[in-house]
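Descriptive analysis of the structure
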Amino acid sequence: VDDPASGAGTPVTSKAGIAVVRVGVALLWIQNSGWKYPPDFGENNNGALYRFTRLAVDYEVFPPWTWFVEHVVLKHFVFFGWATLLVEASLGAFLLIGLLTRFWALVGIAQSLVITLSVLYAPNEWHWAYFLMLLVHLALLATAAGRAHGLDELWRPVWLRSPNRFVRLLGRLS
Amino acid sequence: VKAPDRAALALGLASLVSIVFTAADGDPWEMATMPGTAVVIAAVLGVVAGAAGLLGLRIPAMAAGAAFLAAAVVVPVEQSLGEKWIGGTGSTFSLWLGLGVGLLAAGLARRDDEGNDHGA
């Protein structure tokens, strides 16, 4: 289906529903960007992002990931703190406006996987929260949610008409 | 109202709606940190973006977008320096990044007499 957003069910209500889900997921990332505090991201007081990242070591989910967190992420934590803030803030920003939505849905799946592998076995965590995060980004990808009242609706036709391969790729990511 | 102008109007309204978060106190309802200075920025730029959308003016829409991007960048910079010029957090940064990019994308979209709305 060329336009999944309009192809599912009743177009008007389906598009509105898809847009609500997209904006809701954007708010998830926007709100959770708020506790990634630069410049040390909690490294100096074992708080905030640093404390949550350490859970991947303290409560191992997947040994290779634990090794990577312990020997690479925690040793260069400020870099990974900034990377986390930029990725999650961008997820909130781009899903909110529905621009390049399929690309950002893929990023959301990857980031949800990273979070799942870090905290799934930590105490007092609800495993379905992380499974749902993965699934909702899959839904945004499958429905190309930016084409439902998002800016992808405006720009995708232009990108797809372009003679430039890179620009046409943007269309596929929208 | 053409689609790019509707987008600018919607983003302006979104900025105005975000002001309500100043009344929220933490989880679960404070989606973005909006201290006093941030409220002023959101109100002024929201009105400019909304008016630009209503009147079909692309330059003010893009100017509001650029201003949102500039304000967004200030937030992590001030956090890194231990300053509180705006007093926002990563959530303010994320929200304004979206509004800024969105308004620029809406402003850059071409409007023509045939009613076809598409990019520049």
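Before reading on, note that the structure itself is shown above.
Throughout what follows, the structure given in this document is the object of discussion. (Residues numbered from 1 in each chain as written. Chains lettered and ligands numbered in written order. Predicted model: local features only at pLDDT ≥ 70, side-chain atom pairs only at ≥ 80, totals over all residues. Heavy atoms only, no water.)

When helices and strands are counted, chain B shows 4 helices and 2 strands. What you see in chain B, going N to C, is helices and strands ordered as α-α-α-α-β-β. Here the C-alpha atoms of chain B give a radius of gyration of 15 Å, agreeing with the 14 Å that 2.2 N^0.38 yields for 120 residues. Principal-axis analysis of the C-alpha atoms gives chain B an extent of 50 × 25 × 20 Å. Sequence separation of at least 24 residues holds for 63% of the intrachain contacts in chain B that already meet a minimum separation of 6. Summing over all exposed atoms, chain B offers an accessible surface of approximately 5300 Å²; the carbon and sulfur share of this is 69%. (Helix = DSSP H or I, 4+ residues; strand = E, 2+ residues; numbered from the N terminus. Rg over C-alpha atoms; globule rule 2.2 N^0.38 Å. Contact = heavy atoms within 4.5 Å. Areas by Shrake-Rupley, 256 points an atom, 1.4 Å probe, with all protein chains shown as cover.)

What follows is about the packing of aromatic side chains. Residues and elements named next belong to chain A. Tallied over the entire structure, the rule returns 11 aromatic pairs over all chains. When the centroid spacing of 5.5 Å and the interplanar angle of 80 degrees are considered together, the rings of Phe 41 and Trp 82 count as edge-to-face. On the criterion of sequence distance, the pair formed by Phe 41 in the loop between helix H2 (11-33) and helix H3 (48-58) and Trp 82 in helix H5 (residues 77-97) is long-range, its members being 41 residues apart. A relative accessible area of 27% places Trp 82 in the partly exposed class. Taken together through their ring pairs, the aromatic side chains of Trp 65, Phe 68, Phe 79 and Phe 80 make up a single cluster. Its end group placed over the ring of Trp 35, Lys 36 keeps NZ or CZ at 3.7 Å from the ring centre. (Phe/Tyr/Trp six-rings, centres within 6.5 Å; stacked < 30°, edge-to-face > 60°. Buried < 20%, exposed > 50% of the residue type's maximum accessible area, 1.4 Å probe, protein only. Lys NZ or Arg CZ within 6 Å of the ring centre and 35° of its normal.)

Below, the discussion takes up the nonpolar core. Counting residues in hydrophobic clusters, the biggest one holds 66 residues, and the most contacted among them are Leu 95, Leu 99 and Trp 155 of chain A together with Trp 96 of chain B. When residues of this core are assigned to their parent elements, the largest contribution, 9 residues, is made by helix H4 (residues 90-108) of chain B. Within the second largest apolar cluster, 11 residues are counted, among which are Phe 41, Ala 56, Val 73 and Phe 77 of chain A. (Core = buried A, V, L, I, M, F, W, Y, C linked by side-chain atoms within 4.5 Å.)

Right, let's get into the interface of chain A and chain B. Residue-level contacts link 25 residues of chain A with 30 residues of chain B. Across the interface of chain A and chain B, roughly 2000 Å² is buried in total on both sides, 74% from carbon and sulfur atoms. Contact with chain B buries area across many residues of chain A, yet Gln 31, Leu 154 and Trp 155 of chain A alone supply 29% of it, more than any other trio. For the pair chain A and chain B, the interface holds 0 salt bridges. Across the chain A-chain B interface, the total number found is 6 residue pairs in polar contact (both at pLDDT 80 or more). For the side of chain A that touches chain B, the elements supplying multiple residues, two or more each, are H2, H5 and helix H8 (152-161) of chain A. In terms of residue count, H5 of chain A provides more of the side of chain A that touches chain B than any other element does, 11 residues in total. (Buried area = accessible area lost by both parts, 1.4 Å probe. Salt bridge = Lys/Arg side-chain N within 4 Å of Asp/Glu carboxyl O. Polar contact = N/O pair within 3.5 Å; in protein donor to acceptor, adjacent residues only side chain to side chain.)

Our focus in this paragraph is the packing of H5 of chain A against helix H6 (residues 101-119) of chain A. Residue and element names in this part refer to chain A. Look at H5 against H6: their axes get within 10 Å of each other, and the N-to-C directions meet at 140 degrees. Relative to H6, the element H5 lies oblique. Helix-helix and strand crossings are classified by hand; for H5 and H6 the assignment is left-handed. Each of Thr 84, Val 87, Glu 88, Ser 90, Leu 91, Phe 94 and Leu 95 in H5 lies in contact with H6, whose residues at this interface are Thr 101, Trp 104, Val 107, Gly 108, Gln 111 and Ile 115. Looking at the contact of H5 with H6 residue by residue, the classes come out as 7 nonpolar, 5 polar and 1 charged. (Axes fitted to C-alpha atoms, helices over the stretch in contact; angles between N-to-C directions. Parallel < 35°, antiparallel > 145°, perpendicular 65-115°, else oblique. Left-handed = near helix turned anticlockwise from the far one by under 90°. Nonpolar A, V, L, I, M, F, W, Y, C, P; charged D, E, K, R; others polar.)

Position of Arg 156 of chain A among the secondary structure elements: in helix H8. Only 2.6 Å separates the side chain of Arg 156 of chain A from the backbone oxygen of Gly 171 of chain A, close enough to count as a polar contact.

Attention shifts here to the packing of H2 of chain A against H4 of chain B. At a minimum axis distance of 6 Å, the contact between H2 of chain A and H4 of chain B shows a crossing angle of 140 degrees. Taken as axis vectors, H2 of chain A and H4 of chain B run oblique relative to one another. Counting all contacts with H2 of chain A, which are made through Ile 30, Gln 31 and Ser 33 of chain A, the residues of H4 of chain B involved are Gly 90, Ser 91, Ser 94 and Leu 95 of chain B. Across the contact of H2 of chain A with H4 of chain B, the residue classes break down as 2 nonpolar, 5 polar and no charged.

By themselves, these observations are geometric and do not establish any function.
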